[in-house]
Amino acid sequence: MMITLKHIEIYKSYNGDGEGFVRCATPEEKAIMDYKRWSLIESLIQDISLIKKGLASEAYIKTIDERLKENCDSKETIQSLRDMA
């Protein structure tokens, strides 16, 4: 399951509000974004936030960097997640 810039665009358009997405998303958006991807984006943003705040160990940072590489389709997608955190 890969996160793309399109997934992030949809996530941003609802300001990370999953309830808003469920209630208001278009059929096209729902065809692109699913619960697993939404949750993964939330989780990665939280992890990146911990790193930015200096609350993560080196081992944790390495684990998150690997998760980002495994779950994002490009460096641009990874950077977009970092920018959101």
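1. Observations concerning the side chain of Asp 47
Right, so step 1: Tracing the backbone shows Asp 47 in helix α4 (residues 35–52).
Right, so step 2: Excluding residues within four positions of it along the chain, Asp 47 makes contact with Tyr 60, Ile 64 and Arg 67.

2. A word on the packing of aromatic side chains
Right, so step 1: According to the stated counting rule, one finds three aromatic pairs in the structure shown.
Right, so step 2: With a centroid separation of 4.7 Å and an interplanar angle of 50 degrees, the aromatic rings of Tyr 11 and Trp 38 are classed as tilted. Taken together, the residues span a long stretch of sequence, with Tyr 11 in helix α1 (residues 5–13) and Trp 38 in helix α4 at a distance of 27 residues. Considered together, Tyr 11 and Trp 38 belong to a single accessibility category, that of buried residues.
Right, so step 3: Taking 5.5 Å as the distance between ring centres and 85 degrees as the angle between the ring planes, the aromatic pair formed by Tyr 14 and Phe 21 counts as edge-to-face. Both residues of the pair, Tyr 14 and Phe 21, belong to the buried class.

Cut-offs and rules
Residues numbered from 1 in each chain as written. Predicted model: local features only at pLDDT ≥ 70, side-chain atom pairs only at ≥ 80, totals over all residues. Heavy atoms only, no water. Helix = DSSP H or I, 4+ residues; strand = E, 2+ residues; numbered from the N terminus. Contact = heavy atoms within 4.5 Å. Phe/Tyr/Trp six-rings, centres within 6.5 Å; stacked < 30°, edge-to-face > 60°. Buried < 20%, exposed > 50% of the residue type's maximum accessible area, 1.4 Å probe, protein only.

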